[in-house]
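Each chain, written out:
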Amino acid sequence: DGGITQSPKYLFRKEGQNVTLSCEQNLNHDAMYWYRQDPGQGLRLIYYSQIVNDFQKGDIAEGYSVSREKKESFPLTVTSAQKNPTAFYLCASSIGRVYEQYFGPGTRLTVT
Amino acid sequence: GESVGLHLPTLSVQEGDNSIINCAYSNSASDYFIWYKQESGKGPQFIIDIRSNMDKRQGQRVTVLLNKTVKHLSLQIAATQPGDSAVYFCAEKAPGTGNQFYFGTGTSLTVIP
C-alpha cells in the first residue's frame, strides 16, 4: 500500500531536549510538508520541500529544522529553541505544487 | 461556518439527512480549494477539490460549491452517515504562494443515529 507514515504516534520529551519526528512516503511524491496543529486552530505550515536537498520555511519555522536527503523522507527536528513545542504534528506530501496534499497519521508531541 | 479561535463551530445532523458545511476563505486571488475530513487523533483525509474556474464539483455523496463573489465555499454531504462524524476544514491556495495552502479551523460534524 502506498502512503505516508509518521512515527512515533505519541512522543514525550523533557524541556530542553531536541526531538526528531519521522516522516516517510512511498507515493513517489516530489513535495513534502510539515504542519503543526493546535486545538481549535487551523494547520500552520512549518517547512516544506519541493525537491531533494531543498526546503523552504513556512509561517512558523522558528525553533524547527528539517532535512531532505532522500525523496521519500522528510524528518522534522523540534529544537529546544521552540518555545511551545507541545502539539500535533502532521506530515504531508503532494505530486507538485498545485495538487492536493496527502497527510500522514500525525505525531502527538508532549514536552514537559 | 469556520472561524478562528479555540472553539470549533459545530453541526449536528440526523443520520440520513443532508449536511452543509461552510467556509469563508480569505484571499480573493485563491484559485484552488480542498475540503478535508479529520477524525479524532488522525491525519486529514482529502475529500474533494475545486479550482476557481468552476463553481460546482460533485463526488461520491459530496458536492462542493464555490462562490467567488463572496469568497465562500461549501461542502454538501448527502445522506449523512455516522461514519461522517469528524472535523471538516477547507484549504485555499493562491497563485504565486509556492506550496502554501492556508487552512481553516474546521467545523465539527456530529451525526446522530
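What counts, and at which threshold
Residues numbered from 1 in each chain as written. Chains lettered and ligands numbered in written order. Predicted model: local features only at pLDDT ≥ 70, side-chain atom pairs only at ≥ 80, totals over all residues. Heavy atoms only, no water. Helix = DSSP H or I, 4+ residues; strand = E, 2+ residues; numbered from the N terminus. Rg over C-alpha atoms; globule rule 2.2 N^0.38 Å. Buried < 20%, exposed > 50% of the residue type's maximum accessible area, 1.4 Å probe, protein only. Contact = heavy atoms within 4.5 Å. Areas by Shrake-Rupley, 256 points an atom, 1.4 Å probe, with all protein chains shown as cover. Lys, Arg positive; Asp, Glu negative; His and termini not counted. Charge placed at Lys NZ, Arg CZ, Asp CG, Glu CD. Buried area = accessible area lost by both parts, 1.4 Å probe. Salt bridge = Lys/Arg side-chain N within 4 Å of Asp/Glu carboxyl O. Polar contact = N/O pair within 3.5 Å; in protein donor to acceptor, adjacent residues only side chain to side chain. Nonpolar A, V, L, I, M, F, W, Y, C, P; charged D, E, K, R; others polar.

A. Representation of the overall build of chain B within the structure. The helix and strand tally for chain B stands at zero helices and ten strands. Listing the helices and strands of chain B from first to last along the sequence gives β-β-β-β-β-β-β-β-β-β. Its C-alpha atoms give chain B a radius of gyration of 14 Å, near enough to 13 Å, the size a compact globule of 113 residues would have. Projected onto its principal axes, the C-alpha positions of chain B cover 45 × 30 × 25 Å. When each of the 113 residues of chain B is scored for burial, the buried share is 45%. Residue pairs in contact within chain B that sit at least 24 positions apart in sequence constitute 55% of those at least 6 positions apart. Roughly 5,500 Å² of accessible area belongs to chain B as shown, and the carbon and sulfur atoms make up 49% of that amount. Taking the 9 positively charged and 9 negatively charged side chains of chain B as two groups, their mean positions are separated by 6 Å.

B. Broad picture of the interface of chain B and chain A. Taken together, the contact pairs 24 residues of chain B with 27 residues of chain A. Across the chain B/chain A interface, buried area totals approximately 1,900 Å², and carbon plus sulfur atoms make up 52% of it. When the buried area of chain B at its contact with chain A is split by residue, B:Asn99, B:Gln100 and B:Phe103 rank highest and sum to 31% of it. Across the chain B-chain A interface, the total number found is zero salt bridges. Where chain B touches chain A, the interface holds four residue pairs in polar contact (both at pLDDT 80 or more). If you list the elements that add at least two residues to the side of chain B that touches chain A, you get β3 (32–38), β4 (45–51), β8 (86–93) and β9 (101–103) of chain B. With four residues, the top contributor of residues to the side of chain B that touches chain A is β3(B). A per-class count over the side of chain B that touches chain A returns eleven nonpolar, nine polar and four charged.

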